[in-house]
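Observations on the three-dimensional arrangement
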Amino acid sequence: MGGSVQTTVKSSISFAGCGLHSGKPARITIRPAMAEHGIWFQRVDLDTAPLIPARWDVVRQSPLCTTLVGEDGVSVSTVEHVMAALAGCGVHNALVEIDGPEVPILDGSAVPFVRGIMHRGLRSLPAPVRAFEVLKTVSVTSGDATASIGPSQVLRIDFEIDFADRAIGRQYKSLNMSNGSFARELSDSRTFCRKDDVARMQANGLALGGAPGINAVVFDGDQVTSPGGLRHADEPVRHKMLDALGDLALAGAPLIGHYVGTRAGHTLTNQLLRTLFATPDAVRMITCDAATATRLPGYGLVWDEIPAVA
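As the structure is a computational prediction, the values presented were derived from the model and not from experiment.

1. Here's the deal with the sheet that holds strand β6 (residues 59–60)
Pairing is antiparallel in the open sheet, where 3 strands are placed in the order β6-β7-β8. Since the sheet does not close on itself, it has two edges, and those belong to β6 and β8 (75–77), each with one partner. In the sheet, β6 pairs with strand β7 (residues 67–69) via 2 bridges, with the strands oriented antiparallel. By the bridge assignment, V59 is partnered in β7 with L68.

2. A word on the layout of surface pockets
Space inside the second largest pocket adds up to approximately 700 Å³. Lining of the second largest pocket is provided by 39 residues; of these, V91, H92, G252, A253 and P254 occupy positions nearest its centre. Of all the secondary structure elements, the ones that give two or more residues to the lining of the second largest pocket are β1 (5–9), β4 (39–43), α1 (80–88) and α5 (235–248). Tallied by class, residues from the lining of the second largest pocket come to 25 nonpolar, 11 polar and 3 charged.

3. What about helix α2 (residues 111–120)?
Burial in α2 covers these residues: V111, F113, V114, G116, I117 and M118. Next to the buried residues of α2 lie β1, β2 (13–18), β3 (25–31), α1, β10 (122–128) and α3 (181–186). In the stretch just after α2, G121 is the one whose phi turns positive, near 90°.

4. Structural notes on the pairing of strand β11 (residues 130–134)
Taking burial as the measure, the 5 residues of β11 include 4 buried ones, the bulk of the element. For β11 and strand β21 (residues 283–287), the ladder comprises 5 bridges, and the chain directions are antiparallel. Residue pairing for β21: R130 is matched across the bridge by T287. Sheet topology places β11 next to strand β19 (residues 255–256); 2 bridges connect them, and they run parallel. Bridge pairing links F132 to L255 in β19.

5. Regarding α1
Summarising burial for α1: 8 of the 9 residues are buried, a large majority. Listing the buried residues of α1 in full gives E80, H81, V82, M83, A84, A85, L86 and G88. Phi turns positive one or two residues past the end of α1, at G90, with a value near 80°.

6. Things to note about the packing of α1 against α2
The interhelical angle for the contact between α1 and α2, taken along N-to-C directions, is 40°, at an axis separation of 8 Å. Put simply, α1 runs oblique to α2. In this structure, α1 crosses over α2, and the sense of that crossing is right-handed. Together, H81, V82, A85 and L86 of α1 and F113, V114 and I117 of α2 make up the contact between the two elements.

The rules behind the values
- Residues numbered from 1 in each chain as written.
- Predicted model: local features only at pLDDT ≥ 70, side-chain atom pairs only at ≥ 80, totals over all residues.
- Heavy atoms only, no water.
- Pairing = 2+ DSSP bridges.
- Helix = DSSP H or I, 4+ residues; strand = E, 2+ residues; numbered from the N terminus.
- 1 Å grid on protein atoms, 1.4 Å probe; cavity = no way out; pocket = protein on both sides within 12 Å on 5 of 7 lines; lining within 4 Å.
- Points joined across faces, edges and corners; volume = space filled by probe spheres on them.
- Nonpolar A, V, L, I, M, F, W, Y, C, P; charged D, E, K, R; others polar.
- Buried < 20%, exposed > 50% of the residue type's maximum accessible area, 1.4 Å probe, protein only.
- Contact = heavy atoms within 4.5 Å.
- Axes fitted to C-alpha atoms, helices over the stretch in contact; angles between N-to-C directions.
- Parallel < 35°, antiparallel > 145°, perpendicular 65-115°, else oblique.
- Left-handed = near helix turned anticlockwise from the far one by under 90°.

So this is what it looks like as structure tokens:
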């Protein structure tokens with residue numbers, strides 16, 4: 001999409017599958033929405049069909065996924081992959097209907113959502129794009145994990161991970177998120193875990209919808225146990241960057257800033273957004289001109305650049 005106008009999807013797109021953590025089947029449908037609507041989730045399986053905003057201040061802290069909780073206590077979990085896809089495709093407005101408590105994990109990445117959105121295409125809306133411009137650096141720390149965001153002309157994400165497992169080890173990647181780079185570089189990277197973690201989570205009633213090797217990359221020491229191996233040599237750090245984009249998309253508008261994460265997860269990135277919006281003069285909302293809009297994620301994305309995966 002071009003220009004400096006807001007967008008939505010041209011028509012509805014549905015996805016179905018089990019949740020990674022709950023194991024419960026669910027269907028989500030991304031529907032078009034009007035200008036200034038933003039991104040909202042709606043639990044259509046409940047009689048009241050409550051609406052939940054995709055926003056940082058309704059996130060319930062969780063180390064395993066990002067969960068949104070509405071005013072009535074109704075929640076939707078594991079929203080980070082679909083949020084990354086919406087942000088990475090440049091979708092500003094959508095209603096995401098879901099008939100269960102957790103977004104389907106699909107193949108463990110965001111690429112099924114990206115391909116669905118781009119297959120339908122986007123529609124321009126009669127309103128200018130607004131974005132949050134970061135004006136000063138803020139940071140948060142938890143143990144050996146840190147996350148910060150500071151001024152930049154574009155949204156840039158730097159991420160570093162360091163695992164004892166030799167098959168993962170230390171990985172670092174930096175990426176300018178402009179010009180469709182999310183879809184090309186990150187969207188097909190799957191969630192990952194260690195073999196011992198899978199057994200531990202399943203013993204605690206989690207990861208019930210997970211099919212190791214299909215919708216999650218499983219590592220065991222120096223081995224990748226998933227059939228077919230990795231999609232990228234550094235797939236784990238790419239997936240962490242995917243998660244970070246999805247969590248940053250909960251700002252409520254595109255962010256223009258430089259995010260740096262070291263061993264950071266969902267909780268720390270949400271704490272970073274809370275700190276950013278609580279810090280005086282750290283961020284401001286701007287109306288994007290055409291030149292600024294070209295530097296936002298999703299601008300210029302074309303179908304041929306989207307990874308095709310089995």
